[in-house]
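Structural overview for review
Each chain, written out:
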Amino acid sequence: MRWQGAPLGGSAQLPASKSESNRALIIQALAGGGQLRNLSDANDTELMQRLLAEPATAPKLNAEDAGTVMRFLTAYLAVTGRQVLLTGTARMRQRPIGVLVDALRELGARIDYTEQEGYPPLQLQGWVPELNEQEPAELSVRGDISSQYISALMMVGPQLPGGLRLRLTGKIGSRPYIRMTQSLMQHFGGQCRDLGEVIEVRPQAYHAADYTIESDWSAASYWYAMVALAPAGSTITLPGLRQHSWQGDQAIVRIMAQLGVATEFSEQGVTLTQVPVGSGVELDFTDCPDLAQTVAVVAAALGVPLVLTGLESLRIKETDRIAALQTELAKFGGALVDEGAGRFRVPVAAFQVAGQTVETYHDHRMAMAFAPLAVRGPLTVLAPTVVRKSYPQFWKELRKAGFEITEQA
Ligand SMILES: O=C(O)C1=C[C@@H](OP(=O)(O)O)[C@@H](O)[C@H](O)C1
Ligand SMILES: C=C(OP(=O)(O)O)C(=O)O
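The numbering scheme is per chain: residues are counted from 1 as the chain's sequence reads. Both sets of labels track the order of writing: A upward for chains, 1 upward for ligands. The predicted origin of the model limits local features to residues at a pLDDT of at least 70 and limits the giving and counting of side-chain atom pairs to 80 or more, whereas totals for whole chains, interfaces and linings rest on all residues. Side-chain metrics in this entry use all non-hydrogen atoms of the structure; hydrogen atoms and water are not considered.

- As annotated in an unreviewed UniProt entry, the protein chain is 3-phosphoshikimate 1-carboxyvinyltransferase from Hymenobacter metallicola.

Here it is as structure tokens:
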């Protein structure tokens, strides 16, 4: 792929948020109705829809590489008493799920591991409630591995006879995703209080409601990267993003203000314009882990020194994202240096885009975080269809914006 040279302009379509979509689908399945508008066309969302529509007698469901599908469905299928094998890709079988399984077992779920203890596949054997009908079930749940376990438990909380009280322990990562879960639950009539370290869910049934999914802020981050790296005067309009968002990845607005992109909100969405870059930044990605790859690549290419913290969860996502970033940045002369104690640094280095080939490691965000570099020189991205996980139209939108992209067999 290569860039035609002029400043970037016009507008680009984003997918709808897959995080909002997949929560809304689970809650809708429990609420029994309501209309969801602008559902994501991400494979993760289409997969969730397909699996929720499978007959209750289906012996096996495959969550592929979708973390939200694997975790949210485990809780949903457990409380609805299903007997089913829930499996995923080879990578999904390396992504831990023990925290969620332990919690569901305490609530009454019968779940066995069919391969490795603590990891999918899971054989769900049904539901034998052991709960006092009057009292909320009380559970301690670690918050430092994945917030998806907590969101999964919260969403099924209203189904439990006495509701649910979750005590979160350890460092809590991806907090905004927990708040998004709470907001969506409340939209559908769920009663959920977030008291910081304690989350309370009342045994109050959801009611059917309509909801329009917002565009995806994580997907928007790649357009921020393009505007930052493209020739001076670049701008792009992204419809469907809201100023008051439930998505924590809206943090990209604040982050990119320091890395050369200003954001203007309107009724329709946002317009991004290139502005002068700051002199160096330190950023904590605990609340927005999915932005780390985009921002690391932009800082390396702009030559802005960057310190990154809060990257703990990156090693257990679609790939080990820290190792993948280190290997791929090195091809351009860049680096992601592990300084110990949870600190990483993107140093200022001679960074050059000149026909390199980027590996994507079955990770949509590796493809999309490195693609914007093509505005600086010719680039090859391997296994490009990986973007279907969250942004199937990504390459089409890049072509519309003026990238020349050829496919090689
Ligand atoms: O709940 C969600 O929709 C998500 C939570 C985050 O995962 P962790 O909680 O595992 O960090 C994020 O990385 C993922 O893309 C989507
Ligand atoms: C980590 C991600 O997704 P999940 O955990 O849902 O597979 C992601 O989309 O970057």
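**Description of the overall build of the protein chain**
- For helices the rule is a DSSP run of H or I covering at least 4 residues; for strands it is a run of E covering at least 2, with both sets numbered from the N terminus onward. Looking only at helices and strands, the protein chain has 12 helices and 21 strands in total.
- For this measure, only C-alpha atoms enter the radius of gyration; the expected value for a globule follows 2.2 Å times N^0.38, where N is the number of residues. In terms of overall size, the protein chain behaves like a compact globule, its C-alpha atoms giving a radius of gyration of 21 Å where 409 residues would be expected to give roughly 22 Å.
- Each principal axis of the C-alpha distribution contributes one length, and for the protein chain these read about 65 × 45 × 45 Å.
- Think of it in three bands: residues with accessible area under 20% of the maximum for their type are buried, residues over 50% are exposed, and the middle band is partly exposed, with areas taken using a 1.4 Å probe on protein chains only. Burial status across the protein chain gives 57% buried among its 409 residues.

**Considerations on the site of ligand 1**
- Put simply, a residue is near a molecule or strand once any heavy atom of it comes within 4 Å of that molecule or strand. Among the 13 residues in the neighbourhood of ligand 1, the closest are listed as Ser19, Arg23, Ser147, Ser174 and Asp290.
- Between N or O atoms, a polar contact is any pair within 3.5 Å; within protein, one atom must be a potential hydrogen donor and the other a potential acceptor, and residues adjacent in sequence are included only when both atoms are from side chains. The side chain of lysine 317 places a nitrogen or oxygen atom 2.8 Å from an oxygen atom of ligand 1.
- Only the protein chains shown count as covering a residue, and every accessible area follows the Shrake-Rupley method with a 1.4 Å probe. Considered on its own, ligand 1 offers 390 Å² of accessible surface; in the complex 95% of this is hidden by protein.
- Counting residues per element, the ones that place at least two in the shell around ligand 1 are helix H1 (18–31) and helix H5 (147–156).
- Top element by residues in the shell around ligand 1 is H1. It accounts for three residues.

**Topic: unusual backbone geometry**
- That bond from proline 120 to proline 121 is cis: its omega, 0 degrees, falls within 30 degrees of zero.
- Looking at the element boundaries, proline 121 is found in the loop between strand S5 (109–113) and strand S6 (122–127).
- Of note, the phi angle at glutamate 64 is positive, near 50 degrees, even though the residue is not glycine.
- Summarising the element assignment, glutamate 64 is placed in the loop between strand S3 (60–62) and helix H3 (67–79).
- Given the relative accessible area of 23%, glutamate 64 is considered partly exposed.
- Even without being glycine, alanine 383 reaches a positive phi, approximately 50 degrees.
- By the secondary structure assignment, alanine 383 is in the loop between strand S20 (379–381) and helix H12 (394–401).
- The class for alanine 383 is partly exposed, based on a relative accessible area of 48%.

**Describing the UniProt feature "binding site: 3-phosphoshikimate" (unreviewed entry) in the protein chain**
- Per the UniProt annotation, the sites labelled "binding site: 3-phosphoshikimate" (unreviewed entry) are Lys18, Ser19, Arg23, Ser146, Ser147, Gln148, Ser174, Asp290 and Lys317.
- Within the secondary structure layout, serine 147 lies in helix H5.
- The contact criterion used throughout is that any non-hydrogen atoms of two residues lie within 4.5 Å. When residues no more than four places from it in sequence are discounted, the contact partners of serine 147 are Gly173, Ser174, Tyr177 and Ile178.
- The contacts of glutamine 148, once residues within four sequence positions are left out, are Gly67, Thr68, Arg71 and Phe72. UniProt positions are given in the numbering used here, feature names are shortened, and annotations may be inferred rather than shown by experiment.

**Here's the deal with the site of ligand 2**
- The environment of ligand 2 is made up of 14 residues, and the closest members are Lys18, Gly67, Arg95, Arg365 and Lys389.
- Within the side chain of glutamine 148, an N or O atom sits 3.1 Å from an oxygen atom of ligand 2.
- Between ligand 2 and histidine 364, the relevant distance is 3.2 Å, taken from an oxygen atom to a side-chain nitrogen or oxygen of the residue.
- For ligand 2, the protein covers 98% of the area, taking 290 Å² as the surface of the free molecule.
- Where the shell around ligand 2 is concerned, the elements lending two or more residues are H3 and helix H11 (364–370).

**Here's the deal with the packing of helix H4 (residues 98–107) against H5**
- The contact between H4 and H5 brings their axes to 9 Å, and the two run at 25 degrees. By the angle between their axes, H4 is roughly parallel relative to H5. H4 and H5 meet at a crossing whose hand is right-handed. Side by side, H4 and H5 meet where Val99, Leu100, Ala103, Leu104 and Leu107 of the first sit next to Tyr149, Ala152 and Leu153 of the second. Fitted lines through C-alpha atoms serve as axes, helices being fitted only where they are in contact, and the angles separating the N-to-C directions of these axes extend from 0 to 180 degrees. When describing relative orientation, an angle under 35 degrees is termed roughly parallel and one over 145 degrees roughly antiparallel, while 65 to 115 degrees is termed roughly perpendicular and anything else oblique. In this scheme the handedness of a crossing depends on how the near helix is turned from the far one: anticlockwise by less than a right angle means left-handed, clockwise means right-handed.

**Examining the sheet that holds strand S15 (residues 281–284)**
- Spatially, the four strands line up as an open sheet ordered S15-S16-S18-S17, and their pairing is mixed. The sheet terminates laterally at S15 and strand S17 (337–340), the two strands that pair on one side only. Averaged over all adjacent pairs, the angle separating strand axes in this sheet is 25 degrees, with direction ignored.
- Only when DSSP finds a minimum of two bridges between them are two strands counted as paired. Note that S15 and strand S16 (residues 306–309) share four bridges and pair parallel. Directly across from valine 281, in S16, lies its bridge partner leucine 306.
- The strands touched by helix H9 (residues 292–302) within the sheet are S15, S16 and strand S18 (343–346), with S16 carrying the most contacts at an inclination of about 165 degrees.

**So, the sheet that holds strand S4 (residues 83–87)**
- The strand order across the open sheet formed by four strands is S3-S4-S6-S5, and the pairing between neighbours is mixed. Each edge of the open sheet carries a strand with a single partner, namely S3 and S5. Strand-to-strand twist of the sheet, defined as the mean angle between neighbouring strand axes without regard to direction, takes the value 25 degrees.
- Note that S4 and S6 share four bridges and pair antiparallel. Paired with leucine 86 across the strands is leucine 122, a residue of S6.
- In the packing of H3 onto the sheet, the strands contacted are S3, S4, S5 and S6, and the crossing angle to S6 comes to about 30 degrees.

**Quick look at the UniProt feature "active site" (unreviewed entry) in the protein chain**
- In the numbering used here, UniProt assigns the feature "active site" (unreviewed entry) to Asp290.
- When residues no more than four places from it in sequence are discounted, the contact partners of aspartate 290 are Tyr177, Tyr222, Asp249, Lys317, Arg321 and Arg365.
- Separated by 3.4 Å, the side chains of aspartate 290 and tyrosine 177 make a polar contact.

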